[in-house]
Amino acid sequence: MSHATDPKTYENLAIEVRDNGVYVVTLNRPSKRNALDVATIEELVRFFSNAHQGGVKAVVLAGEGDHFCAGLDLVEHWKEDRSPDDFMHVCLRWHEAFNKMEYGGVPVIAALKGAVVGGGLELASAAHVRVMDQTTYFALPEGQRGIFTGGGATIRVSDMIGKYRMIDMILTGRVYQGQEAVDLGLAQYITEGSSFDKALELADKVAQNLPLTNYAICSAISHLNNMSGMDAAYAEAVVAGVVNTQPAARERLEAFANKTAARVRPNS
Ligand code: 1HE
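Residues numbered from 1 in each chain as written. Predicted model: local features only at pLDDT ≥ 70, side-chain atom pairs only at ≥ 80, totals over all residues. Heavy atoms only, no water.

### Things to note about the site of the ligand
- Close contacts around the ligand come from 25 residues, with Lys32, Ala70, Leu72, Gly119 and Arg145 the closest.
- In this structure, serine 31 approaches the ligand through a main-chain N or O atom, which is 3.2 Å from an oxygen atom.
- A distance of 2.5 Å separates an oxygen atom of the ligand from a polar side-chain atom of arginine 145.
- Compared with its free state, where it exposes 1,000 Å², the ligand has 68% of that area covered by protein.
- Going through the elements one at a time, α2 (74-80), β5 (115-117), α4 (119-125) and α5 (142-145) are the ones with two or more residues in the shell around the ligand. (Near = heavy atom within 4 Å. Polar contact = N/O pair within 3.5 Å; in protein donor to acceptor, adjacent residues only side chain to side chain. Areas by Shrake-Rupley, 256 points an atom, 1.4 Å probe, with all protein chains shown as cover. Helix = DSSP H or I, 4+ residues; strand = E, 2+ residues; numbered from the N terminus.)

As structure tokens, this is what we get:
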């Protein structure tokens, strides 16, 4: 573990390191409903900038208390009375953190509960897998607060649910919850019980994949989606050239050839 991922060096994030290389990263300002202040964003930048090289196999991203995240720290924003230039730079640090999550090569599984709103939804949308429970609800209250999204909702929330649903959410303050939220693409899983338990189960599973394979899945796919079809096909071949010939994969391929590897079967 490098200094950059050492849990003792974090204050606004509580970080638990598990034996299998899964890190549980918990937003730890429950008295402020895990609102994202500048200090929390800086900790997210530091952790996710160093996660892959620090040997992190997968991350469960959670929130302490009843709510995942209440978005931008509105009180800090109000007190700071920021200039346009200052707030542009605040947003650029949010983008740095969330881009490091989405493109960093380490699988991030978000365990969602309660409010996932505004910047909280922007944070969740930078995870690769989102698990919600029966308490989880999604909204973009920016319209009502007299502000606008600044942490990537116009890109990632649009990508998840489509531009016009995102516009409706921010215009009208519409709230999505329950199975409808899954059907629209805001989360891939909904649980009866704890979303955290399911997220951990998924993280334990993906941590068994080879790190280079997970790197391609949790970095290359996002990059490839930003390219033209022709360029993406070319770059996909290059990525596959590297990943699909990695020495560590030979054992798994041999197990398939020897008929000792598990076969893919329908759910029972
Ligand atoms: C906060 C924040 C916050 C709570 N910034 N302090 N986000 C929003 O518009 C959502 C604002 N928050 C809420 O609607 C509610 O607080 C919740 C639904 C999340 C939770 O409700 P509840 O009844 O459990 O808590 P509360 O009584 O409203 O708040 C408890 C404390 O958390 C209180 O602090 P206290 O010191 O008075 O005890 C609140 O001030 C504090 N708190 N949410 C700061 N967001 C890059 S641009 C992104 C733009 C956005 O994200 S806009 C969306 C902002």
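### A short note on the packing of aromatic side chains
- A full pass over the atoms with the stated rule returns 4 aromatic pairs.
- For the ring pair tyrosine 10 and phenylalanine 47, a centre distance of 6.2 Å and an interplane angle of 75 degrees mean the geometry is edge-to-face. On the criterion of sequence distance, the pair formed by tyrosine 10 in the segment before β1 (13-17) and phenylalanine 47 in helix α1 (residues 38-50) is long-range, its members being 37 residues apart.
- Look at tyrosine 10 and you get buried, because its relative accessible area is 7%.
- Judged by relative accessible area, which is 0%, phenylalanine 47 ranks as buried.
- An angle of 45 degrees between the planes, with centres 5.8 Å apart, marks the rings of tyrosine 23 and phenylalanine 47 as tilted. Highlighted residues: tyrosine 23 in strand β2 (residues 22-27) and phenylalanine 47 in helix α1, separated in sequence by 24 residues. Phenylalanine 47 carries the same exposure label as tyrosine 23, and that label is buried. (Phe/Tyr/Trp six-rings, centres within 6.5 Å; stacked < 30°, edge-to-face > 60°. Buried < 20%, exposed > 50% of the residue type's maximum accessible area, 1.4 Å probe, protein only.)

### Structural notes on the domain arrangement of the protein chain
- Domain annotation of the protein chain identifies domain 1 (3-206) and domain 2 (227-257).
- Once you take the C-alpha centre of each, domain 1 and domain 2 turn out to be 30 Å apart. (Domains from an automatic or database assignment.)

### Here we look at the nonpolar core
- By size, the foremost hydrophobic cluster in this structure holds 50 residues, and its most contacted members are Leu36, Phe47, Phe68, Phe98, Leu121, Leu123 and Phe138.
- Apart from the residues lying within four places of it in its own chain, the contact partners of leucine 36 are Leu27, Ile41, Leu44, Cys69, Gly71, Leu72, Asp73, Trp94, Phe98, Gly119 and Leu123.
- If you look at the next biggest cluster of nonpolar residues, it comprises 13 residues, including Val131, Ala199, Leu200 and Ala203. (Core = buried A, V, L, I, M, F, W, Y, C linked by side-chain atoms within 4.5 Å. Contact = heavy atoms within 4.5 Å.)

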